[in-house]
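Report on the structure
Now for the letters of each chain:
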Amino acid sequence: DSSGLQECDPSWKRHISDQLKLRDRVQRHTFEEIVQQYNRLLEKSDLQAVLTERYQIEKYDVQRGHEASSLDASRSDSLHQEMSQMRIRHQEELTELHKKRGELAQTVIELNNQIQQKDREIQSNEARMLEYQQQIASLEGDCRDLRNSLQELEMANQTLKDEYDALQITFSALEEKLRKTSEDNQELVSRWMAEKALEANRLNAENEKDTRWAGRQTAEGPGGRRQGAAANRTVTGETSPNRPISRTARRRSANSFGTSPETTEPPSGGCAEVRVPTTALHVFEAHDGEVNTVRFSPGSRLLATGGMDRRVKLWEVVAGRCEAKGALTGSNAGITSIDFDSAGSYLLAASNDFASRIWTMDDYRLRHTLTGHSGKVLSARFLLDNARIVSGSYDRTLKLWDLRSKVCMKTVFAGSSCNDIVCTEQCVMSGHFDKKVRFWDIRAESIVREMELLGRVTSLDLNHDRSELLTCSRDDVLKIIDLRSNAIRQTFSAQGFKCGADWTRVTFSPDGSYVAGGSADGALYVWNVLTGKLDRTLDRNHSSAINSVSWSPSGTYVASVEKGSRAILWSDM
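Residues numbered from 1 in each chain as written. Predicted model: local features only at pLDDT ≥ 70, side-chain atom pairs only at ≥ 80, totals over all residues. Heavy atoms only, no water.

For the protein, the helix and strand inventory stands at 4 helices and 28 strands. Classification of the 573 residues of the protein by burial places 39% in the buried group. Within the protein, residue pairs in contact and separated by at least 24 positions form 49% of the contacts whose partners lie at least 6 positions apart. Looking at the protein as shown, the accessible area adds up to about 33,000 Å², and 51% of this sits on carbon and sulfur atoms. (Helix = DSSP H or I, 4+ residues; strand = E, 2+ residues; numbered from the N terminus. Buried < 20%, exposed > 50% of the residue type's maximum accessible area, 1.4 Å probe, protein only. Contact = heavy atoms within 4.5 Å. Areas by Shrake-Rupley, 256 points an atom, 1.4 Å probe, with all protein chains shown as cover.)

Right, here's the structure in full:
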């Protein structure tokens, strides 16, 4: 820093010297005229003194000569007149010079004032220059600190890169180990199959031996025939060669390809009995932060929840409790909706990061990421063929996706933010921010019809035979729309029920005889569809507004999630 200042010193000193020299040249030109005028004034003043003295002498001489001679008198008169005229001229010049001197004195005063002003400006500039030099020194210090910080960040970045490379190497090694383990597992399964085949051949041989023995007993007599037949039935009934082979094949299929958790569940085409919830069986912390959505799998054994912590969590419902099974990761923002395909093999989740994602349920791996929306994706649903997906977004569009080609097949502009979607075979129904429910023909990409409600539509749900549509809106009213007559069949409301958000989800019971919805005060409301009246209110367990409710396809359980981090499993047990 001191060397830098020393390098800068000659330049500013030279600059000040040049400025002073320039000032001397400019101001000397002005003062030269004053000095010349002043010198002339002095010269004329001296001349006047000389002339006056000479005139006095001549005056005395004239007076003496006047007495001497008359000729000298006339000459003296002319000389006196000449002297009077000269004195008058000199007096006028002297007056003019005095006037000029006064002007020049005023000019000198003004120039002195200007010089003082310039001196003050020079002092101010020097002070400002000193301040700038201090600022330069401070900025140079900051620059050094930033360079040091940059070096530290580069070192930290290099360390992180090295750690990442090491983790990548470790991951590759683990992946290779997994591959070898899978190959070993396949080999063990093959060996196990071969041993089972040998065991089956042995059992077949024993069966054949017992059959021959039974034949001999039959040939010996009627009693022997009956015993042989009984033995034959016993052997063929218990040790048939086909049974171990089929069990082996089934077990190999399970071990080799990995079945979905839903494949072992009973089909959910209908429910034997719907249980209206009365008791909170299990209250648990589901996510780190707000829980936005909840949905049961088609077999009712798994429960999926999605939250603002960017995860979909899976819970196994066992004996009235939810046990954690795993978490699906990959989303970059909060989850807004969840849907299962009809077989329970895939899970679809919409997210606030403008995308929808699909995971497989047998290995919890992310399979597809569908991007293309320019706003939050608020709802996504499988179509009934499980090969296509429809998504609705805050960007006021609906998109139809083909899972085989993983591309967007169609984009439809709805004109308003889409909050929820449900689907039938050829129709998509969407609920919107502008209070309208729109019905879309998938083949024609056009609106078949639309129905306007009295509040922003937050939720849509279909009953079991897809003949009735349940809606929830921000006017705190639930409505059932008959899709055959396109008319509102029933309206549900209750004292204290208030829709808490633009994405509050309500649900039908599996048989369509009840509807359930959560309120902003944390209470769960259940209405009877047959009577149109409120059946019950459960208001003691949630501590904040309920965001979503789901009824299990088996009819046994109801799950609800809230703006806090809590989820509750309900039933009548």
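Here we come to the UniProt feature "repeat: WD" (unreviewed entry) in the protein. Those places that UniProt annotates as "repeat: WD" (unreviewed entry) correspond, in this numbering, to residues 284-325, 328-369, 370-411, 506-537 and 539-573. The distance separating the terminal C-alpha atoms of residues 506-537 is 14 Å; by composition the span is 0% helix and 50% strand. Annotated as 0% helix and 49% strand, the span residues 539-573 places its first and last C-alpha atoms 17 Å apart. (UniProt positions renumbered as here; feature names shortened; annotations may be inferred.)

For the structure on display, the rule yields 23 salt bridges. Its salt-bridge partner being Arg-438, residue Glu-450 comes within 3.5 Å of it at the nearest N-O pair. Taken as a pair, Glu-450 in strand 17 (residues 446-452) and Arg-438 in strand 16 (residues 436-441) lie far apart in primary sequence, 12 residues in all. On the basis of relative accessible area, Glu-450 is assigned to the partly exposed category, the value being 40%. By relative accessible area, which is 5% here, Arg-438 ends up buried. In this structure, Arg-489 and Glu-468 form a salt bridge, with 2.8 Å as the shortest nitrogen-oxygen distance. One end of the pair, Arg-489, is in strand 21 (residues 487-492); the other, Glu-468, is in strand 19 (residues 468-473), with 21 residues separating them in the sequence. Residue Glu-468 is classed as buried on the basis of its relative accessible area, which comes to 9%. When salt bridges with common partners are traced through the structure, they connect Asp-434, Lys-436, Arg-438 and Glu-450 into a single cluster. (Salt bridge = Lys/Arg side-chain N within 4 Å of Asp/Glu carboxyl O.)

Before going further, it helps to spend a moment on the pairing of strand 5 (residues 321-328). Summarising the sheet, strand 4 (residues 312-318) and strand 5 pair through 7 bridges and their orientation is antiparallel. Considered in strand 5, the bridge of Val-312 is made with Leu-328. Counted along the chain from strand 4 to the antiparallel partner strand 5, the turn is 2 residues long, and its residue Ala-319 has a positive phi close to 55 degrees. (Pairing = 2+ DSSP bridges.)

Turning next to the nonpolar core. A general trend in soluble globular proteins is that nonpolar side chains are found buried together. Counting residues in each nonpolar core, the largest one holds 15 residues, and the members touching the most others are Leu-470, Leu-478, Ile-480, Phe-492, Val-515 and Trp-527. Listed by contribution, the elements that provide at least two residues to this core are strand 19, strand 20 (477-482) and strand 24 (524-528). Leave out the neighbours within four places in its chain, and Phe-492 touches Asp-476, Val-477, Leu-478, Ile-480, Val-515, Trp-527, Asn-528, Val-529 and Gly-532. Ranked by size, the runner-up nonpolar core spans 14 residues in total, among them Val-291, Ala-559, Ala-567 and Leu-569. (Core = buried A, V, L, I, M, F, W, Y, C linked by side-chain atoms within 4.5 Å.)

So, on to the sheet that holds strand 4. The strand order 2-3-4-5 describes an open sheet built from 4 strands, whose pairing is antiparallel. Where the open sheet ends on each side, the last strands, each with one partner, are strand 2 (291-296) and strand 5. Taken pair by pair, the neighbouring strands of this sheet meet at an average axis angle of 25 degrees, ignoring direction. (Axes fitted to C-alpha atoms, helices over the stretch in contact; angles between N-to-C directions.)

In this section: the sheet that holds strand 26 (residues 546-551). Strands sit in the order 1-28-27-26 across an open sheet of 4 strands; the sheet is antiparallel. Every other strand in the sheet has two partners, leaving strand 1 (279-285) and strand 26 as the edge strands with one partner each. When strand polarity is set aside, the average angle formed by the axes of neighbouring strands in this sheet is 20 degrees.

A few words on empty space enclosed by the protein. In the structure shown here, the tally under the stated rule is 2 cavities of 30 Å³ or more. The calculated volume of the largest cavity comes to roughly 140 Å³. What lines the largest cavity is a set of 11 residues, among which Val-390, Leu-400, Val-412, Val-428 and Ile-442 lie closest to the centre. Taken together, the elements giving at least two residues each to the lining of the largest cavity come down to strand 12 (397-402), strand 13 (407-413) and strand 16. When residues of the lining of the largest cavity are assigned to their parent elements, the largest contribution, 3 residues, is made by strand 12. In terms of residue class, the lining of the largest cavity is built from 7 nonpolar, no polar and 4 charged. Estimates place the volume of the second largest cavity at around 70 Å³. As for the second largest cavity, its lining consists of Lys-44, Ser-45, Leu-47, Gln-48, His-90, Glu-93, Leu-94 and Leu-97. (1 Å grid on protein atoms, 1.4 Å probe; cavity = no way out; pocket = protein on both sides within 12 Å on 5 of 7 lines; lining within 4 Å. Points joined across faces, edges and corners; volume = space filled by probe spheres on them. Nonpolar A, V, L, I, M, F, W, Y, C, P; charged D, E, K, R; others polar.)

Let us look at the packing of aromatic side chains. Taken as a whole and assessed by the stated rule, the structure comprises 6 aromatic pairs. Arranged with centres 6.2 Å apart and planes meeting at 45 degrees, the rings of Phe-492 and Trp-527 form a pair that is tilted. Highlighted residues: Phe-492 in strand 21 and Trp-527 in strand 24, separated in sequence by 35 residues. In this structure Phe-492 comes out as buried when scored by relative accessible area, which is 1%. Residue classification places Trp-527 among the buried positions, given a relative accessible area of 0%. Above the plane of the ring of Phe-439 lies Arg-449, whose end atom (NZ or CZ) is 4.2 Å from the centre. (Phe/Tyr/Trp six-rings, centres within 6.5 Å; stacked < 30°, edge-to-face > 60°. Lys NZ or Arg CZ within 6 Å of the ring centre and 35° of its normal.)

You can see Phe-508 is positioned in strand 22 (residues 507-508). Taking relative accessible area as the criterion, Phe-508 reaches 4% and is therefore assigned buried. For the pair Phe-508 and Leu-460, spaced 48 residues apart in the sequence, the C-alpha separation amounts to 9.7 Å. Sequence-distant contacts of Phe-508, defined by excluding residues within four places in its chain, comprise Asp-461, Leu-462, Asn-463, Glu-468, Leu-469, Leu-470, Ile-480, Tyr-514, Val-515 and Trp-551.

A word on the layout of surface pockets. Of the pockets and cavities examined, the largest pocket occupies roughly 1,200 Å³. Looking at the largest pocket, it is lined by 44 residues, and the ones nearest its centre are Arg-295, Asp-461, Leu-462, Arg-466 and Pro-553. The set of elements that each furnish at least two residues to the lining of the largest pocket consists of strand 2, strand 6 (335-340), strand 10 (377-382), strand 14 (418-423), strand 18 (457-462), strand 22 and strand 26. In the lining of the largest pocket, the residues fall into 19 nonpolar, 16 polar and 9 charged.

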